[in-house]
Amino acid sequence: MFKKILIANRGEIALRIIRTCKEMGIKTVAVYSTADKESLHVRFADEAVCIGPPASAQSYLNIPTLIAAAEITNADAIHPGYGFLSENAEFSRICQENGIKFIGATAEMINQMGDKATAKATMIKAGVPVVPGSDGLLESVEQGKKIANKIKYPVIIKATAGGGGRGMRIIHSDEEFQKAWDDARTESKAAFGNDGMYLEKYVVEPRHIEVQIVGDQYGRVCHLSERDCSIQRRHQKLVEEAPSPFMTPELRERMGAAAVAGASAINYEGVGTIEFLVDKNRDFYFMEMNTRIQVEHPVTEEVINYDLIKEQIKVAAGIPISGNNYGPKLHAMECRINAEDPANGFRPSPGKITVLHIPGGHGVRVDTHVYAGYSIPPNYDSMIAKLITVAQTREECIVKMKRALSEFVVEGVKTTIPFHLKLMDDEKFKEGVFTTAFLETFDFSTL
Ligand code: ADP
């Protein structure tokens, strides 16, 4: 087992990883930018190294500095968390070359899956259903229009390097193509330094359902059932739950088998997620694979009673898995508490948290790095906490979430709590009848 892990991340996920390391008897090294010196992950780690100024490019994305920090502290592994360098093939490769275990996918796996157009081709070979669309990258608007007319509008163009819902545009007609193409490429170039685009059929009102998988170094892959992430605003997840209210045992079996086949096709090692779109006929299509731990992993942890970070560290250290699949025993839900104003277009609301009360009680979990007096820096994403509830049934889980949300007090900044409270009262949401289009008609004006 590893003796010391450097966590190349910040915020709640850095703290989340430190907690598991402590339970496993592994020493931890936190890294932080000058904007994060007061963050809890710095205080909870055994050692902490300042890696640069607030800008991510000069701190959390600075590979030479991170490697140097691991070397001076004698860390034998690096956990990248999510975001930042977690799916960066070069970082994974450099870690390996320096004799530091990267707790994530190898450069080869990331290259196969990180590039979305290539990932689709790999999945087709593994027999996993994919959304019809371009064969690899689009070369021109003309070619795009041709494919769109063949598979019929609406279509969606997506950045091959995309993430977080950015670099994609829905197109309804030939006339809209040129502008959407220009906008998506500009956005993608700015966000990911890559403007490669691919095209697929836009599935109307689908569900976003993803399957959690784990693979070990000996070729075994299993799945840990699904999460429903259909509650999204502008393709960004706000609420996730497990199991999906749309799931049937038969569909879980089919989706689980497809996810395992897809991961096995690249000899996947580590924890990962295969994302699917599911239409109203319960036909499903591969969308992308995330070769890292995800923000919403706690809902799976709660329904199968399993520490996914521990599992991730164990497989990285070469410990085999049983190979059994796991189904949900309970119902869990996660609300992303962001420092954003939901009544004002979810505009970021950085600043100082003056008063904070964190909810608790039976079946309530809060993963957060903030505290009263903490100043939220404007430099990073705006998530300040994840509120997770778990209960015997979905109905009880929602009741518990509502109760926990009403106890949650954050003063000094705006948060998404009023949105979540309203959602928990929504009849359609309570019935479990929703698709990724649900929030398009949601009334945010009364928040
Ligand atoms: P990202 O990596 O940016 O999150 P994804 O490929 O996971 O991008 O897509 C994000 C969201 O965009 C999905 O959850 C879904 O709501 C929507 N989406 C993506 N592709 C399609 C499609 N072909 N049809 C309908 N919706 C889509």
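Calculation criteria
- Residues numbered from 1 in each chain as written.
- Predicted model: local features only at pLDDT ≥ 70, side-chain atom pairs only at ≥ 80, totals over all residues.
- Heavy atoms only, no water.
- Buried < 20%, exposed > 50% of the residue type's maximum accessible area, 1.4 Å probe, protein only.
- Helix = DSSP H or I, 4+ residues; strand = E, 2+ residues; numbered from the N terminus.
- Pairing = 2+ DSSP bridges.
- UniProt positions renumbered as here; feature names shortened; annotations may be inferred.
- Near = heavy atom within 4 Å.
- Polar contact = N/O pair within 3.5 Å; in protein donor to acceptor, adjacent residues only side chain to side chain.
- Areas by Shrake-Rupley, 256 points an atom, 1.4 Å probe, with all protein chains shown as cover.
- Nonpolar A, V, L, I, M, F, W, Y, C, P; charged D, E, K, R; others polar.
- Axes fitted to C-alpha atoms, helices over the stretch in contact; angles between N-to-C directions.
- Contact = heavy atoms within 4.5 Å.
- Parallel < 35°, antiparallel > 145°, perpendicular 65-115°, else oblique.

Asks: Would you explain the pairing of strand β12 (residues 270-278) in this entry?
Replies: Consecutive side chains of a regular strand alternate in pointing toward one face of the sheet and then the other. Within β12, nine of the nine residues are buried, which leaves it mostly tucked inside the rest of the structure. Neither face of β12 is left uncovered, since the one carrying Gly-270, Gly-272, Ile-274, Phe-276 and Val-278 and the one carrying Val-271, Thr-273, Glu-275 and Leu-277 both have all their residues buried. One ladder, built from nine bridges, connects strand β9 (residues 207-215) with β12; its direction is antiparallel. If you follow Val-211 over to β12, its bridge partner there is Ile-274. Pairing of β12 with strand β13 (residues 284-290), which is carried by six bridges, proceeds in the antiparallel orientation. Following the sheet pairing, Val-278 is matched in β13 by Phe-284. Linkage of β12 to β13, two consecutive antiparallel strands, is achieved through a turn of five residues, within which Arg-282 is found at a positive phi near 65°.

Asks: Sorry if this is basic, but what is going on with the UniProt feature "domain: Biotin carboxylation" (unreviewed entry) in the protein chain here?
Replies: The residues that UniProt annotates with the feature "domain: Biotin carboxylation" (unreviewed entry) are residues 1-444. Along residues 1-444 one finds 33% helix and 26% strand; the C-alpha atoms at either end are 49 Å apart.

Asks: Can you help me understand the site of the ligand in this one?
Replies: Residues in close proximity to the ligand total 21 residues, the closest being Gly-165, Val-203, His-208, Gln-232 and Glu-288. Take Gln-232: an N or O atom from its side chain is 2.7 Å from an oxygen atom of the ligand. Separating an oxygen atom of the ligand from a side-chain N or O atom of Glu-288 is a distance of 2.6 Å. Relative to its unbound accessible surface of 550 Å², the ligand loses 96% to contact with the protein. For the shell around the ligand, the residue count by class is six nonpolar, eight polar and seven charged.

Asks: Whenever I open this one, the sheet that holds strand β21 (residues 383-391) confuses me. Can you help?
Replies: The strands that make up a sheet are held in pairs by hydrogen bonds between backbone atoms, and each pair lies either parallel or antiparallel. Taken in spatial order, the eight strands of this open sheet run β13-β12-β9-β10-β11-β14-β21-β19, and their pairing is antiparallel. Every interior strand has two partners, whereas the edge strands, β13 and β19 (364-368), have only one. Strand-to-strand twist of the sheet, defined as the mean angle between neighbouring strand axes without regard to direction, takes the value 25°. Looking at chain direction, β9 and strand β10 (residues 221-233) are connected through six bridges and run antiparallel. Along β10, the bridge assignment pairs Ile-209 with Asp-228. Contacts between helix α11 (residues 308-316) and the sheet are confined to β9, β10 and β12, with β9 contributing the most and set at about 40° to the helix.

Asks: I tried to follow the environment of Ala-68 on my own but got confused; where do I start?
Replies: Relative to the helices and strands, Ala-68 resides in helix α3 (residues 63-73). Overall, Ala-68 belongs to the partly exposed group, its relative accessible area being 37%. In this structure, the C-alpha to C-alpha distance between Ala-68 and Ile-51, residues 17 residues apart in sequence, is 9.5 Å.

Asks: Which parts of the structure should I look at to understand the environment of Arg-220?
Replies: Looking at the secondary structure, you find Arg-220 in the loop between β9 and β10. The spacing of Arg-220 and Ser-322 is 102 residues in sequence and 8.0 Å in space, taken between C-alpha atoms. Among residues more than four places away in sequence, those in contact with Arg-220 are Val-214, Gly-215, Pro-320, Ile-321, Ser-322 and Gly-323. Within the local environment of Arg-220, its side chain forms a polar contact with the backbone oxygen of Ile-321, the two atoms lying 3.2 Å apart.

Asks: Teacher, can you tell me more about the packing of helix α4 (residues 89-97) against helix α5 (residues 107-114) here?
Replies: Two quantities define a packed helix pair, namely the angle between the axes and the distance from one axis to the other. The contact between α4 and α5 brings their axes to 8 Å, and the two run at 175°. Considering their axes alone, α4 and α5 lie roughly antiparallel with respect to each other. Touching Ala-89, Ser-92 and Arg-93 of α4 are Ala-107, Ile-110 and Asn-111, all from α5. Across the contact of α4 with α5, the residue classes tally to three nonpolar, two polar and one charged.

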